[in-house]
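Observations on chain architecture
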Amino acid sequence: MAKAQPASEIDFNNLGFDYMDLPYRFIAHYTNGQWDAGELSEDSTLHISEGSTSLHYGQADFEGLKAYRTKDGSINLFRPDMNAKRMHNSCERLLMPAFPEDQFIAAVKQVVAANADYVPPYGTGATLYLRPLMIGIGGNIGVHPASEYIFTIFAQPVGAYYKGGLKPTNFTTSYYDRAAPHGTGQSKVGGNYGGSLLPGDEAHKAGFSDVIYLDPATHTKIEEAGSANFFGITKDHEFVTPKSPSILPSITKYSALWIAEHRLGLKAIEGDIFINDLDRFEEAGAMGTAAVISPIGGIEYKGDLHVFYSETEVAPLTRKLYDELTGIQFGDVEAPEGWIQKVPVK
Ligand SMILES: Cc1ncc(COP(=O)(O)O)c(C=O)c1O
């Protein structure tokens, strides 16, 4: 795999969401019941046993967060403490030893600082995406937790999700389930995503941007929008997002709930969203670190397309939510206490 080109040669205005082998990543090893301190490494290849539990039994979890270049040239992280906590929870679900949360945040900052040239310039809308990852390694064959683990954090510059500006896309309701009622849907574990590839592929081939998953127990309520959480805004100004034990607790979702209530004057609600009751919503969208705030034009269900505000125009409150969230992330709008952590760069 070729190393990434020098940052000075990258066209940050035209990046996608693609792997790039940047100069530095953080790597720590768990052996004999404890984590070592970890260190930056220039080696992007992992050499692991064929018996690794991550390869056979999916003992692997991960996170996703971004670093944002601000107008004054400094670098912001958005709520990395929430990613550290969620990874802790994912580790507990898979019987993996969590990497200490304060060290997780320090390691994220180390990786950003070491690759600071690759944090895209302010104004491009591009960001540095960080991928913390933990895998069970070592020689195993039985279905039991590994005794050795790798925790790593690598980084990639990624483009603005909507290069030509925000625009709505259509989703289709999936026949497949993403998660079981008491399964691993609330954890960010690799297996959840392997199972999502086929539904995503079928949706793309049918001309949709992604799928809407329904609740696995009754198939009547919206759970997730691809790899993002769903929101709807009612005609009487309620911001509603699904409450379910089998969806991923999205950091963008909790932030949007707060922004909706405190900055947009909406009533923020986590509750049931029935797929046959979409008429209550004037606007709808998907939200996540990658998706940011993505307007949903319409949702196809059993052959009918339900259009919300418009298939071509961005609805006004969705746009305000997008502006407020990205304003906070890029440092243009005042952030609630504790949401932004600065990355010290020499
Ligand atoms: C299944 C799923 N739902 C929701 C989200 C959004 O979560 P967050 O806002 O923390 O990125 C993600 C992405 O991380 C995801 O993979």
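Residues numbered from 1 in each chain as written. Predicted model: local features only at pLDDT ≥ 70, side-chain atom pairs only at ≥ 80, totals over all residues. Heavy atoms only, no water.

1. Some words on the packing of helix H6 (residues 251-262) against helix H7 (residues 316-329)
In the contact formed by H6 and H7, the axes pass within 11 Å of each other and the chain directions differ by 115 degrees. In terms of their interaxial angle, H6 and H7 are classed as roughly perpendicular. The two elements H6 and H7 meet at a crossing, and its hand is right-handed. Contacts between H6 and H7 involve Thr252, Ser255, Ala256 and Ile259 from the former and Leu321, Glu324, Leu325 and Ile328 from the latter. The class makeup of the residues in the contact of H6 with H7 is 5 nonpolar, 2 polar and 1 charged. (Axes fitted to C-alpha atoms, helices over the stretch in contact; angles between N-to-C directions. Helix = DSSP H or I, 4+ residues; strand = E, 2+ residues; numbered from the N terminus. Parallel < 35°, antiparallel > 145°, perpendicular 65-115°, else oblique. Left-handed = near helix turned anticlockwise from the far one by under 90°. Contact = heavy atoms within 4.5 Å. Nonpolar A, V, L, I, M, F, W, Y, C, P; charged D, E, K, R; others polar.)

2. As for the site of the ligand
The environment of the ligand is formed by 15 residues, the closest being Arg86, Tyr193, Ser250, Thr252 and Thr289. Contact distances for the ligand include 2.6 Å between an oxygen atom and a side-chain N or O atom of Ser250. Measuring from an oxygen atom of the ligand, one finds a side-chain N or O atom of Thr252 at 2.5 Å. Protein contact buries 95% of the 380 Å² of open area that the ligand shows by itself. Secondary-structure elements contributing two or more residues to the shell around the ligand are H6 and strand S15 (281-288). Among the residues forming the shell around the ligand, the class breakdown is 5 nonpolar, 6 polar and 4 charged. (Near = heavy atom within 4 Å. Polar contact = N/O pair within 3.5 Å; in protein donor to acceptor, adjacent residues only side chain to side chain. Areas by Shrake-Rupley, 256 points an atom, 1.4 Å probe, with all protein chains shown as cover.)

3. Describing the pattern of salt bridges
Following the criterion strictly, the structure yields 8 salt bridges and no others. We note a salt bridge from Lys3 to Asp21, for which the minimum N-O separation is 3.2 Å. Of the two residues, Lys3 sits in the segment before strand S1 (25-31) while Asp21 sits in the segment before S1, which places them 18 residues apart along the sequence. Overall, the relative accessible area of 45% leaves Lys3 in the partly exposed class. Overall, Asp21 belongs to the buried group, its relative accessible area being 3%. Residues Glu224 and Arg178 are paired through a salt bridge, measuring 3.2 Å at the closest nitrogen-oxygen approach. You can see Glu224 sitting in strand S11 (residues 222-225) and its partner Arg178 sitting in the loop between strand S9 (169-173) and helix H4 (190-194), a full 46 residues away along the chain. Each of the two residues, Glu224 as well as Arg178, counts as buried. Ionic contacts of the salt-bridge type, sharing partners, join the residues Lys3, Asp21 and Arg25 into one network. (Salt bridge = Lys/Arg side-chain N within 4 Å of Asp/Glu carboxyl O. Buried < 20%, exposed > 50% of the residue type's maximum accessible area, 1.4 Å probe, protein only.)

4. Regarding the side chain of Ser244
By secondary structure assignment, the location of Ser244 is in the loop between strand S13 (238-242) and H6. Exposure remark for Ser244: the relative accessible area of 19% places this residue in the buried category. Of note is the side chain of Ser244, whose polar atom sits 2.6 Å from the side chain of Glu223.

5. As for the domain arrangement of the protein
Partitioning the protein into domains gives domain 1 (7-158) and domain 2 (169-328). On the side of domain 2, 20 residues touch domain 1, which itself brings 17 residues to the contact. A buried area of about 1500 Å², summed over both sides, lies between domain 1 and domain 2, and 64% of it is on carbon and sulfur atoms. Among the residues of domain 1 in contact with domain 2, Phe62, Arg86 and Arg93 are the three that bury the most area, contributing 40% of the side total. Counting the contacts that link domain 1 with domain 2 gives 0 salt bridges. (Domains from an automatic or database assignment. Buried area = accessible area lost by both parts, 1.4 Å probe.)

6. A short note on the packing of aromatic side chains
If you walk through the whole model with that rule in mind, you get 16 aromatic pairs. A centroid spacing of 5.9 Å and a plane angle of 70 degrees characterise the contact between Tyr19 and Phe154, whose relative ring orientation is edge-to-face. Taken together, the positions of Tyr19 in the segment before S1 and Phe154 in strand S8 (residues 148-158) put the pair 135 residues apart, joining distant regions of the chain. Seen in terms of ring centroids, Tyr30 and Tyr149 are 5.7 Å apart; in terms of plane orientation they differ by 70 degrees. Their pairing is edge-to-face. (Phe/Tyr/Trp six-rings, centres within 6.5 Å; stacked < 30°, edge-to-face > 60°.)

7. Describing the UniProt feature "modified residue: N6-(pyridoxal phosphate)lysine" (unreviewed entry) in the protein
Annotation from UniProt places "modified residue: N6-(pyridoxal phosphate)lysine" (unreviewed entry) at Lys188. Its place among the elements puts Lys188 in the loop between S9 and H4. Judged by relative accessible area, Lys188 falls into the buried class, the value being 11%. (UniProt positions renumbered as here; feature names shortened; annotations may be inferred.)

8. Examining a nonpolar patch on the surface
There is a patch of nonpolar side chains on the surface, built from Tyr57, Ile141 and Val143 and spanning about 350 Å² of accessible area. If you trace the backbone, Val143 turns up in the loop between strand S7 (127-137) and S8. (Patch = residues over 30% accessible without salt bridge, like charges linked within 9 Å, V, L, I, M, F, W, Y side chains within 5 Å.)

9. Structural notes on unusual backbone geometry
We note that Leu95 has phi near 55 degrees; this positive angle belongs to a residue other than glycine. By the element assignment, Leu95 lies in the loop between helix H2 (80-93) and helix H3 (101-114). With a phi angle near 65 degrees, His237 is a residue other than glycine that sits in the positive phi range. Locating His237 in the fold gives a position in the loop between strand S12 (229-234) and S13. Residue class for His237 comes out partly exposed when judged on its relative accessible area of 42%.

10. Here we look at the nonpolar core
If you look at the biggest cluster of nonpolar residues, it comprises 41 residues, and the most contacted ones within it are Val112, Leu130, Met134 and Phe151. When contributions to this core are tallied by element, the ones reaching two or more residues are S1, strand S5 (65-69), strand S6 (75-78), H2, H3, S7 and S8. A per-element tally of this core places H3 first, with 6 residues. Contact partners of Phe151, with chain neighbours within four places excluded, come to Phe26, Ile27, Ala28, Trp35, Met87, Phe99, Phe104, Pro132, Leu133 and Met134. (Core = buried A, V, L, I, M, F, W, Y, C linked by side-chain atoms within 4.5 Å.)

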